[in-house]
Amino acid sequence: RKQFENATPFPHGVLHPLCRDQGQLLRRVRRELLENVSYREKETDLFQVHQTGDLANLDGFREELPALWELREALYSRWFRQAVEEATGCGKLSDQIDLSSNIYSHGGHLLCHDDVIGNRRVSFIIYLTDPDTEWKEEDGGTLELFDIDEKGECQNVPCKTILPFWNSMAMFVVRPGRSYHEVREVFAKDKPRLSVSGWYHSDEPLPDGNGIASLAQLQTKDEGGLKSKVYHSLSYEEDLDKEDLLVLKKYLNRPYLSPATWHAVAKQFQEQGSIQLQSFLSDERVAEIMSACLKADQADGLATKQRPEWDAGTGDGWETRGPPVKQRYQEFVGGHNVDSARAVAGKALKHVVSELLQTPSFAKLLSIASGKQLKGQVDRVRRFRPGLDYTVAHFNAITADPVLDLTLCFVNNSDEERSTNWESGVVGGYHCYIPADPENNAATAEVYRPDDDDDELLSISAVPNSMNLVLRREGLMDFVKYISARAGGSRWDISMEYQLED
């Protein structure tokens, strides 16, 4: 009880060892799960994991899974629930069984949330990692606990790390807007993180505060929750002239200076509502940008495909955007007279914004391509660091009025493996647009990959020097999938949003 009372950032504890028989019961459970139970791969904007179905009803499999049945009976027995009640101070628990098994293999992860759903009172995880191989922090797969700031928002960096040691059980009290945690990516290639996890429930609803729970935050449109957008007005003439071409010629690849090219782009865009233009900037411009970005990743320790430091890439004009319930990435705001590698990369991208993307000349080109009149724009220079950054779909991102999204993306695809990983989406980094489901308050798809055949889903792979143009219609949400450390480099991009004339 003292362990829970004194724990920070919220009540939690770890039982280690859980079983006193040197883990013999858990060894049998581990063997049964790996040999006799099927797992289904699941991936959304929030997680990547292999998971079993509900293990609440094992009565029909008692002979096939005797150890797992024994563990389940012990976990939800009255005497063990009473022990949990006394240790956590959570109040009376019901006999509801809510149990499954998860495998986080190389690249698997679960992003920040507070576990508040229904009448959950206590979360628990029993770690069944390899009993004969010690788990180390650099392997990843750690349970990360987050504190809140003075405004009550989840902080961007966790303050407590719990390793998934064999024969240990982590527990914490579920509290709305307080019990923030995540499963960090598994960085080890050959050490899957196997666990049995679940919740203890109450017959009584949670105390007041569900409105600040992480799920409620994702399903509530609160304009004050994220950095507000300030659109800069646009003014331009209809037709391109020689002066416009001189501006564009400094930056664009030669094919994109041809009127025929842009008429073809316009036809495809107006038919499909989106288009990806590869090799968009000139070789000279993109070489300068990519060189700066690669040097920054190397200097910040983000090119190793290993566990990154939480503050990697922070400072020198780059600020972290949160809260991690909705997003975590770096934005370049400038204002620092330094020449660090990351500052140079930020300035190179910001230069493209000011000297090309914000110009009336480029606005004319976009107007031709989209068939739309543009009246305002907002820009962000972003860096999504491998092993750290992402955005998730949430109701604050739902489009109220149609806008034109432009994203100019840069990633390191210097070898075949990197190129394949980015293009396939296996390391994340793809930009996905999905329709909101008002009835279920959730997205309508569960697996979002760039090759998905869903007609309502648009997934855009991270391709270097590609300009992605999307007409974001009413009722859409979007996210940038978590970047795996396996990517071996950041996703750098310039994100532009254009207001359209009525």
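This structure is a prediction, so every number in the text was calculated from the model and none was measured. (Residues numbered from 1 in each chain as written. Predicted model: local features only at pLDDT ≥ 70, side-chain atom pairs only at ≥ 80, totals over all residues. Heavy atoms only, no water.)

## Examining the side chain of Ser-484
In this fold, Ser-484 is placed in the loop between strand S23 (476-480) and strand S24 (491-500). Under the relative-accessibility criterion, Ser-484 is labelled buried at 2%. Among the polar contacts listed, one links the side chain of Ser-484 to the side chain of Arg-486, at a separation of 3.0 Å. Apart from the residues within four sequence positions on either side, Ser-484 is in contact with Gly-107, Glu-185, Pro-386, Gly-387 and Val-427. (Helix = DSSP H or I, 4+ residues; strand = E, 2+ residues; numbered from the N terminus. Buried < 20%, exposed > 50% of the residue type's maximum accessible area, 1.4 Å probe, protein only. Polar contact = N/O pair within 3.5 Å; in protein donor to acceptor, adjacent residues only side chain to side chain. Contact = heavy atoms within 4.5 Å.)

## Overview of the pairing of strand S14 (residues 318-321)
Across four bridges, S14 lies against strand S15 (residues 327-332) in antiparallel orientation. Considered in S15, the bridge of Trp-318 is made with Phe-332. Hairpin connection from S14 to S15: five residues lie between these consecutive antiparallel strands. (Pairing = 2+ DSSP bridges.)

## So, the nonpolar core
Among the nonpolar cores identified, the biggest contains 47 residues, and Phe-280, Leu-281, Phe-362 and Tyr-498 are the most heavily contacted of them. Counting residues per element, this core draws most heavily on helix H9 (residues 341-357), at seven residues. Core analysis: the next-biggest nonpolar cluster, separate from the first, contains 33 residues, Cys-19, Val-29, Leu-55 and Val-84 among them. (Core = buried A, V, L, I, M, F, W, Y, C linked by side-chain atoms within 4.5 Å.)

## Looking at unusual backbone geometry
Each neighbour pair has its own omega, and for Thr-8 with Pro-9 the value is 10 degrees, a cis peptide bond. Within the element layout of this structure, Pro-9 appears in the loop between helix H1 (2-6) and strand S1 (12-15). For Ser-279, which is not glycine, the phi dihedral falls at a positive 50 degrees. Summarising the element assignment, Ser-279 is placed in the loop between strand S13 (274-277) and helix H8 (283-299). The phi angle at Lys-305 is positive, at roughly 65 degrees, despite the residue not being glycine. Structurally, Lys-305 can be placed in the loop between H8 and S14.

## Comments concerning the state of the cysteines
In total, this model carries zero disulfides according to the counting rule given. There is no disulfide at Cys-154, and the cysteine sulfur nearest it, in Cys-112, is 3.7 Å away. (Disulfide = S-S within 2.5 Å.)

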